[in-house]
Amino acid sequence: MDTESQYSGYSYKSSHSRSSRKPRDRRDRHRSKSRDGSRGDKSVTIQAPGEPLLDNESTRGDDRDDNWGETTTVVTGTSEHSVSHEDLTRITKDVEESAAPDCRRFLGPALSGALGLFAFLTPLAFLLLPQLLWRDQLDPCGTPCEGLYVSLAFKLLVLLIASWALFLRPPRATLPRIFVFRSLLMVLVFLFVASYWLFYGVRVLEPRERDYRGIVEYAASLVDALLFIQYLAIVLLEIRQIQPAFCLKVVRTTDGASKFYNIGHLSIQRAAVWILEHYYSDFPVYNPALLNLPKSILSKKMSGFKVYSLENSTNNSTGQSRAMIAAAARRRDNSHNEYYYEEAEMERRVRKRKARLVVAVEEAFTHIKRLQDEDQKNPREIMDPREAAQAIFASMARAMQKYLRTTRQQPYHSMESILQHLQFCITHDMTPKAFLERYLTPGPTVQYHRENTAGRQWTLVSEEPVTSALREGAVFALRRMDFSLVVTVRRIPFLQVREEFIDPKSHKFVMRLQSETSV
Amino acid sequence: MSYIPGQPVTAVVQRIEIHKLRHGDNLILGFSIGGGIDQDPGQNPYSEDKTDKGIYVTRVSEGGPAEVAGLMIGDKIMQVNGWDMTMVTHDQARKRLTKKNEDIVRLLVTRKSLENAVRHSMLQ
C-alpha cells in the first residue's frame with residue numbers, strides 16, 4: 001500500500017532519434033511559442049485526467065482492520081477468502097489505476113518508428129525503383145555496383161542494429177514540453193530524406209536516368225548521411241550529459257530528506273526525470289504518519305490565557321492576539337522537555353518491540369528446514385514454500401503486527417504481502433535477519449511500488465521555461481499531491497590540479513630536541 | 001613575553017651578574033639552560049607561550065654562583081654580556097655563556113613576577 005499512487009511513464013518523445021513527428025512538432029512549437037510569452041511561475045502538469053485523490057486513503061492508519069495478528073492462529077483457507085477493509089481499498093485502486101494506460105505515451109515512439117522505417121527503406125527504394133520501372137534502359141553496371149551493394153548492405157545493417165540498441169527502448173517518461181534535441185534531430189532526418197527524395201524525383205524518376213551506378217552511389221551517400229545523423233543523435237542525446245557539470249540538491253519538503261546528485265548538461269525537464277528515477281531508489285519512503293509532533297506537546301502553549309478587553313469600543317483583535325503571543329512567549333516554555341522525553345519513550349518502545357519481533361522470527365525459522373533427499377518423509381508432511389510460510393507465520397504474526405504499528409508502517413505491509421515475502425525468503429534460504437531487513441528499515445519508495453501501467457504523476461514547477469538548460473542558481477520543484485521535492489542547482493567548481501614532485505629520497509626525519517646543558 | 005613577529009620585544013628585565021667559579025679546569029656558573037631556536041618549544045615547562053624559543057633556566061644548583069647572584073629557575077635569559085639570547089640556537093647559547101676568557105657574565109633575565117611587580121607598583 002503506497003501513498004504515491006502512480007508513476008506515469010514520461011515517454012521521451014521518441015525512442016528513435018530519426019523519426020519526425022512533423023505535424024506534432026509544428027503544433028507543439030506553435031503552442032510553446034504562445035506559452036513562452038508569459039513569464040512567471042510556470043507549472044506544467046502532465047496527463048492522466050480524472051486522477052482520484054487516492055493518496056489520502058492510506059494515511060488513515062488506525063481505523064482499518066489490521067487485527068490479523070491477534071486472530072490468526074492456524075491459517076486455513078478461510079482466512080484468505082475473507083476480505084478486509086484494506087483489501088477493498090486496494091482493489092478499487094487497482095481498477096482505477098489500470099484503466100487508461102495512456103495511448104498518448106506511445107504516439108511519439110510510433111511516429112518516430114514510422115519515420116525511422118521510412119528513412120531506412122528509402123535507399124532500398126532508390127535502388128529498386130529504376131530496376132522496376134525502366135530496367136531495359138539502364139546501363140549495365142558490373143563489379144563496382146556489386147561492391148557498392150555490399151557496402152550498402154552492411155551500412156544498413158549497422159544502422160539497424162544501432163537503432164535497435166539505442167532508440168528502441170520503452171519510453172520512461174512523458175515530458176511537459178517537447179524535447180528539443182530529439183525534435184531537432186527528427187526534423188533534420190525528415191528534411192534530409194525529403195530533400196533526397198525531391199532530388200531523386202526530379203533528376204532520376206522524371207528523366208529516367210540511365211546511369212545506374214550513379215543512382216547506387218547516390219543511395220550509398222544517403223546511407224552515409226543517415227549514419228552521421230545517428231552519430232549526432234548519440235552525441236546529443238546520450239553522451240553530452242555524461243560529463244558531470246552541476247550538483248543538484250534535492251530536498252523533500254515534508255521531512256527534509258535530502259540528497260546531492262551530480263548531473264551533466266541537461267534541460268530542466270530532462271533533469272527532472274533523471275532526478276525522479278534516482279528518487280525512487282534513494283529516498284526512504286514518505287510516511288506521513290511519522291511527521292508531526294504529538295499534539296499534546298504543541299498545543300499547550302496557547303491555552304493558558306484569556307483576554308479581557310476593558311474598553312467598550314474594541315474590535316482590536318490584532319492587539320489581542322499580539323498580547324497573547326507576547327504573554328505566551330514570556331511564559332516559561334517547557335515543551336522541549338516533553339518532546340525530549342516523548343522521543344526517548346518512543347525509542348524505548350520501538351526497541352522493545354523490535355527485540356520481541358526478532359526473537360519471535362528467529363524462533364519461527366527454527367521450525368522448518370529444507371528437505372534433504374535422504375530424509376524419508378511421507379508425502380503428507382512435505383510442504384511447498386507457501387504452506388511452509390503459512391505454517392510459521394502464526395507464531396510471529398502478533399509480534400510483527402505490534403512492531404509495525406509502533407513504527408507506523410502498517411499501511412505498507414498487509415498480511416498477504418508479509419506472507420509473500422516470507423515465502424520468498426524461505427525459498428531462497430534466507431536467514432531471519434534477511435527476512436526482517438525489509439521491515440526494520442524503511443526502504444526506498446520503489447520497494448513499495450506496485451506494478452501498474454498508468455504511471456505516476458508529478459508536476460514540474462519552475463519559473464523558467466522547462467526546456468531551458470540547467471544553470472547555476474536555478475531552483476525548481478517537483479510536486480506530488482502531498483509533498484514536493486525542491487531542487488537547487490549548483491555548478492561543480494572548476495578544478496585546478498597542479499603537480500608536485502616529491503623525491504622519494506627526500507623523506508628524512510629527526511628526533512625532536514629538548515636538550516638541557518649545564519653551564 | 002609574547003612575541004609579535006616584526007615588532008621589537010619588550011620585557012621587564014633584571015640585571016644579574018654572575019661571577020664564574022673555578023672548578024678544576026672549568027669555569028662553571030651553576031645552572032642549566034634549555035631551549036633555543038633549534039629545539040622543540042612545546043616541551044618547555046617554564047614558558048608561558050609554548051612557541052617561545054628562547055633560552056630558559058631549567059635548573060639552578062644549590063649554593064652555586066648563579067643562585068648567589070639571584071638567578072631563579074624558570075627565568076628567560078634575554079642577553080648575555082650584550083649578546084642577544086632570544087634568537088639563538090642551543091649551542092650558541094652555551095658557547096656565549098661558557099667563554100673561557102670571561103670571568104663575569106652579566107645577564108638580563110626576565111620572569112613573570114617582575115612584570116607583575118612593576119604593574120603592581122604602577123597601580124599604586
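Structure report, in brief.

Conventions adopted
Residues numbered from 1 in each chain as written. Chains lettered and ligands numbered in written order. Predicted model: local features only at pLDDT ≥ 70, side-chain atom pairs only at ≥ 80, totals over all residues. Heavy atoms only, no water. Helix = DSSP H or I, 4+ residues; strand = E, 2+ residues; numbered from the N terminus. Contact = heavy atoms within 4.5 Å. Areas by Shrake-Rupley, 256 points an atom, 1.4 Å probe, with all protein chains shown as cover. Phe/Tyr/Trp six-rings, centres within 6.5 Å; stacked < 30°, edge-to-face > 60°. Buried < 20%, exposed > 50% of the residue type's maximum accessible area, 1.4 Å probe, protein only. Lys NZ or Arg CZ within 6 Å of the ring centre and 35° of its normal. Disulfide = S-S within 2.5 Å. Buried area = accessible area lost by both parts, 1.4 Å probe. Salt bridge = Lys/Arg side-chain N within 4 Å of Asp/Glu carboxyl O. Polar contact = N/O pair within 3.5 Å; in protein donor to acceptor, adjacent residues only side chain to side chain. Core = buried A, V, L, I, M, F, W, Y, C linked by side-chain atoms within 4.5 Å. Pairing = 2+ DSSP bridges. 1 Å grid on protein atoms, 1.4 Å probe; cavity = no way out; pocket = protein on both sides within 12 Å on 5 of 7 lines; lining within 4 Å. Points joined across faces, edges and corners; volume = space filled by probe spheres on them. Nonpolar A, V, L, I, M, F, W, Y, C, P; charged D, E, K, R; others polar. Patch = residues over 30% accessible without salt bridge, like charges linked within 9 Å, V, L, I, M, F, W, Y side chains within 5 Å. Axes fitted to C-alpha atoms, helices over the stretch in contact; angles between N-to-C directions. Parallel < 35°, antiparallel > 145°, perpendicular 65-115°, else oblique. Left-handed = near helix turned anticlockwise from the far one by under 90°.

With that settled, consider the overall build of chain A. The number of helices and strands found in chain A is 15 helices and seven strands. Across chain A, the fraction of contacts at a sequence separation of at least 24, relative to all contacts at a separation of at least 6, is 81%. Counting only carbon and sulfur atoms, one obtains 58% of the accessible surface of chain A, whose full area is about 30800 Å².

What follows is about the packing of aromatic side chains. Residues and elements named next belong to chain A. Taken as a whole and assessed by the stated rule, the structure comprises 19 aromatic pairs over all chains. Plain terms: the ring middles of tyrosine 279 and tyrosine 280 are 5.4 Å apart, the flat faces sit at 80° to each other, and that makes the pair edge-to-face. Taken as a pair, tyrosine 279 and tyrosine 280 share a single burial class, namely buried. Judged by centre distance (4.8 Å) and plane angle (45°), the rings of tyrosine 286 and phenylalanine 483 are tilted. With tyrosine 286 in the loop between helix 9 (268-282) and helix 10 (295-298) and phenylalanine 483 in the loop between strand 5 (475-479) and strand 6 (484-491), this residue pair connects regions lying 197 residues apart in the sequence. We note that tyrosine 286, like phenylalanine 483, is buried. Taken together, Phe126, Phe192, Tyr196, Trp197, Phe199, Tyr200 and Tyr218 form an aromatic cluster joined through their ring pairs. The cationic tip of arginine 252 hangs over the ring face of phenylalanine 483; the distance from NZ or CZ to the ring centre is 5.9 Å. Note that arginine 480 overlies the ring of tryptophan 458, its terminal NZ or CZ placed 5.5 Å from the centroid.

Next up on the list: the state of the cysteines. By definition, a disulfide links the sulfur atoms of two cysteine residues through a covalent bond. Residues and elements named next belong to chain A. This structure, assessed with the given rule, holds one disulfide over all chains. Each sulfur in the disulfide pair cysteine 141 and cysteine 145 lies 1.7 Å from the other. Disulfide cysteine 141-cysteine 145: the torsion about the S-S bond is 110°, which places it as right-handed. Given the relative accessible area of 0%, cysteine 145 is considered buried.

All right, on to the interface of chain A and chain B then. Think of interface size as the accessible area that goes away when the parts come together; that is how it is often given. Across the boundary between the two partners, chain A contributes eight residues, which contact 18 residues of chain B. Overall, the association of chain A and chain B removes approximately 1100 Å² of surface from exposure, summing both partners, and the carbon and sulfur fraction of that is 46%. Applying the counting criterion to the chain A and chain B interface returns one salt bridge. Counting every contact that joins chain A to chain B gives eight residue pairs in polar contact (both at pLDDT 80 or more).

In this model, Arg208(A) sits at a positive phi of 55°, which is unusual for a non-glycine residue. With respect to the secondary-structure elements, Arg208(A) resides in the loop between helix 7 (180-205) and helix 8 (212-239). Phi angles above zero are rare outside glycine, and Asn81(B) is one such case at about 55°. Residue classification places Asn81(B) among the partly exposed residues on the basis of a relative accessible area of 27%.

Let us look at the nonpolar core. Residue and element names in this part refer to chain A. In terms of nonpolar packing, the biggest core is built from 37 residues, with Phe126 and Tyr212 touching the most fellow members. Breaking this core down by element, the ones donating at least two residues are helix 5 (104-133), helix 6 (143-167), helix 7 and helix 8. Ranked by residues supplied to this core, first place goes to helix 8 with 14 residues. Setting aside its immediate chain neighbours within four residues, phenylalanine 126 contacts Tyr196, Trp197, Tyr200, Ile215, Tyr218, Ala219 and Leu222. Core analysis: the second largest hydrophobic core is formed by 28 residues, Ala245, Leu248, Val250 and Phe476 among them.

With that settled, consider the side chain of Thr406(A). Residues and elements named next belong to chain A. Assignment of secondary structure puts threonine 406 in helix 13 (residues 385-406). Of the polar contacts made by the side chain of threonine 406, one reaches the side chain of arginine 353; its length is 2.6 Å. Not counting chain neighbours up to four residues away, the residues in contact with threonine 406 comprise Met346, Val350 and Arg353.

A word on the pairing of strand 5 of chain A. Walk down a regular strand and you will see the side chains alternate between the two sheet faces. Residue and element names in this part refer to chain A. The sheet contact formed by strand 4 (residues 459-462) and strand 5 spans four bridges and is antiparallel. Note on strand 5: the bridge partner recorded for serine 462 is phenylalanine 476. Relative to strand 6, strand 5 is paired through five bridges, and the arrangement is antiparallel. Residue phenylalanine 476 lies in a different strand from strand 6, and its bridge partner there is valine 487. Hairpin connection between strand 5 and strand 6: a loop of four residues separates the two successive antiparallel strands.

The pairing of strand 2 (residues 246-252) of chain A with strand 6 of chain A spans seven bridges and is antiparallel. Residue pairing across strands places Val250(A) opposite Val487(A), the latter belonging to strand 6 of chain A.

Here we come to the layout of surface pockets. All names here are of chain A. By volume, the second largest pocket amounts to about 600 Å³. Forming the walls of the second largest pocket are 20 residues, and the residues nearest its centre are Ile368, Lys369, Arg370, Leu371 and Met383. Those elements that provide at least two residues to the lining of the second largest pocket are helix 13 and helix 14 (415-427). Ranked by residue count, the leading element in the lining of the second largest pocket is helix 14, at three residues. When grouped by side-chain class, the residues that make up the lining of the second largest pocket number ten nonpolar, three polar and seven charged.

To continue, consider a nonpolar patch on the surface. Residue and element names in this part refer to chain A. On the surface, Val150, Phe154, Leu157, Leu160, Ile161, Trp164 and Leu168 cluster together into a nonpolar patch covering about 730 Å² of accessible area. Structurally, tryptophan 164 is set in helix 6. Take tryptophan 164: its relative accessible area is 58%, and that puts it in the exposed class.

So, on to the packing of helix 5 of chain A against helix 6 of chain A. All names here are of chain A. Running from amino to carboxyl end, helix 5 crosses helix 6 at an angle of 150°, the nearest separation of the two axes being 9 Å. When the axis of helix 5 is compared with that of helix 6, the two are roughly antiparallel. For the pair helix 5 and helix 6, the crossing hand works out as left-handed. Packed against helix 5, whose contacting residues are Phe120, Pro123, Leu124, Leu127 and Gln131, the element helix 6 presents Tyr149, Leu152, Leu156 and Leu160 at the interface. Among the residues forming the contact of helix 5 with helix 6, the class breakdown is eight nonpolar, one polar and no charged.

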